Amino acid sequence: MSKHKKTPRIDPLTCALPSGGIDTHAHLNDPAFSGDLGEVLKRARQCGVSRIANVFLNPAEFHLIAGLFDKFDLDHLAVEVFFLLGVHPDDAGPFSQETLALIRNHIRENPRIRAIGEIGLDYSRPDPECTPHDIQKAVFRAQLGLARELDIPIAIHCRDAEEDTLSILESENFGGRPLVWHCFGGGPDLVQRIVKNGWYVALGGTVTFKNNPQAREAVPFIPEDRLLMETDCPYLSPVPWRGTRNEPAYTVFTIRTLAECRGTSPEVLWQQCGRNAETLFRLAE
């Protein structure tokens, strides 16, 4: 018999919070949601999530799938969905000026796109599985240039590439520009360098993992007006749903860990993170 007790699964609806929470990074167009997306959006609303940022990883994906959300727009029980669009470093290989033009056109034509993302560097896999680093860097810089041209926020993807990511951002003079470091998993030293540049930091389910104490140690170093929450769903479900499909309703568990780290109440932090997201993504415009 196993010596480890299973974590009890808790219905997120029993932990619902007031409306105003915002999941700043989700992949609801993933096949994992193909059978029940409407129910997922309703459950998010019932838990207090008012908006969700859905991230498209390349312009071809956006062109094919963005309309997926249209049928939910008139449903008052569903949550509002806005978009992020960019080329993920895993997709950087075939990037071209045509790709950049497509992103530019989509942003100009679709007001639901509020940021370019997720973009950045990923060195987590060995060659040849990983897109060559020089290509990743070039694609990253090209999209930073587009963000500057269009004056639009960006969402950063960074895995095992912190120094190169920070070096590029700082050399491109992105300090003080609207930027969120997606899926933060580092410690206090990294987070202090990020916030020194005036950027936002988003944490998701991984902050609840027992084997991730460094992220919890970093949380108090994030100014209250720079903290965001996210899911990265369907990945990285928080405890008590770790190992299952993640969804926006599960932010009610993440916010409790963040609030505990900061010595405040989940309700207060929930609303603060929501206001921060509204500011970053200019959702009132």
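A few points on the structure.

So, how was this worked out
- Residues numbered from 1 in each chain as written.
- Predicted model: local features only at pLDDT ≥ 70, side-chain atom pairs only at ≥ 80, totals over all residues.
- Heavy atoms only, no water.
- Buried < 20%, exposed > 50% of the residue type's maximum accessible area, 1.4 Å probe, protein only.
- Helix = DSSP H or I, 4+ residues; strand = E, 2+ residues; numbered from the N terminus.
- Arc of directions from axis to C-beta.
- Contact = heavy atoms within 4.5 Å.
- Salt bridge = Lys/Arg side-chain N within 4 Å of Asp/Glu carboxyl O.
- Core = buried A, V, L, I, M, F, W, Y, C linked by side-chain atoms within 4.5 Å.
- Pairing = 2+ DSSP bridges.
- Axes fitted to C-alpha atoms, helices over the stretch in contact; angles between N-to-C directions.
- Expected span 1.5 Å × (residues − 1).
- Right-handed = clockwise from strand over helix to strand, strands pointing away.
- Lys, Arg positive; Asp, Glu negative; His and termini not counted.
- Polar contact = N/O pair within 3.5 Å; in protein donor to acceptor, adjacent residues only side chain to side chain.
- Parallel < 35°, antiparallel > 145°, perpendicular 65-115°, else oblique.
- Nonpolar A, V, L, I, M, F, W, Y, C, P; charged D, E, K, R; others polar.

With that out of the way, let us pick up helix α1 (residues 37–46). Three- or four-residue spacings in an α-helix give side chains the same orientation, since the helix completes a turn every 3.6 residues. Of all the positions in α1, only L37, G38, V40, L41 and A44 are classed as buried. Buried residues of α1, viewed axially, fall in a sector of 165 degrees; they line one side. At its buried positions, α1 is contacted by β2 (49–56) and β3 (80–85).

For the rest of this paragraph, the subject is the pattern of salt bridges. Evaluated as defined, the whole model comprises 17 salt bridges. Close ionic contact of D164 with K137 constitutes a salt bridge, the shortest N to O distance being 3.4 Å. Placement of D164 in helix α5 (residues 162–171) and of K137 in helix α4 (residues 133–150) is noted, with a sequence separation of 27 residues between them. Using a relative accessible area of 28% as the deciding quantity, one classes D164 as partly exposed. The partly exposed category is assigned to K137, whose relative accessible area is 29%. Two residues, R177 and D151, come together in a salt bridge whose shortest N-O distance is 3.7 Å.

Right, let's get into the nonpolar core. Formed by 76 residues in total, the largest nonpolar core has its most connected members in L28, L41, I154, I156, L169, F184 and L203. In terms of nonpolar packing, the next biggest core, distinct from the first, is built from 16 residues, I22, A115, Y200 and A277 among them.

Glancing now at the sheet that holds strand β7 (residues 200–203). Here we have eight strands laid out as an open sheet, ordered β1-β2-β3-β4-β5-β6-β7-β8, and parallel in their pairing. One side of each edge strand has no neighbouring strand; the edge strands of this open sheet are β1 (21–26) and β8 (227–229). Across the sheet, the mean angle from the axis of one strand to that of its neighbour is 30 degrees, orientation sign disregarded. As paired elements, strand β5 (residues 154–159) and strand β6 (residues 179–181) share three bridges and run parallel to each other.

Another point: helix α9 (residues 266–280). For α9, built from 15 residues, the straight-helix expectation of 21 Å at 1.5 Å per residue is met to within 8% by its first-to-last C-alpha distance of 21 Å. The positive-phi residue at the C-terminal boundary of α9 is R282, with phi of around 55 degrees.

Most of β5 is tucked away: five of the six residues are buried. Pairing of strand β4 (residues 113–122) with β5, which is carried by five bridges, proceeds in the parallel orientation. Its bridge partner being in β5, I119 is matched across the sheet by I156. With respect to chirality, the unit in which β4 leads through α4 into the neighbouring parallel β5 is right-handed. In this region the chain leaves β5, passes through α5 and returns to the parallel neighbour β6; the handedness of that crossover is right-handed.

What follows deals with the side chain of D30. For D30, the position within the fold is in the loop between β1 and α1. Despite its burial, D30 remains without a salt bridge, the nearest opposite charge being carried by R245 at 8.2 Å. Separated by 2.8 Å, the side chain of D30 and the backbone nitrogen of A32 make a polar contact. Those residues in contact with D30 that lie beyond four places of it in its chain are P234 and Y235.

Relative to each other, helix α8 (residues 251–262) and α9 sit at 105 degrees, their axes nearing to 9 Å. What the angle tells us is that α8 and α9 run roughly perpendicular. Touching T251, V252, I255, R256, L258, A259 and R262 of α8 are P266, L269, W270 and C273, all from α9. Grouping the amino acids of the contact of α8 with α9 by side-chain chemistry returns eight nonpolar, one polar and two charged.

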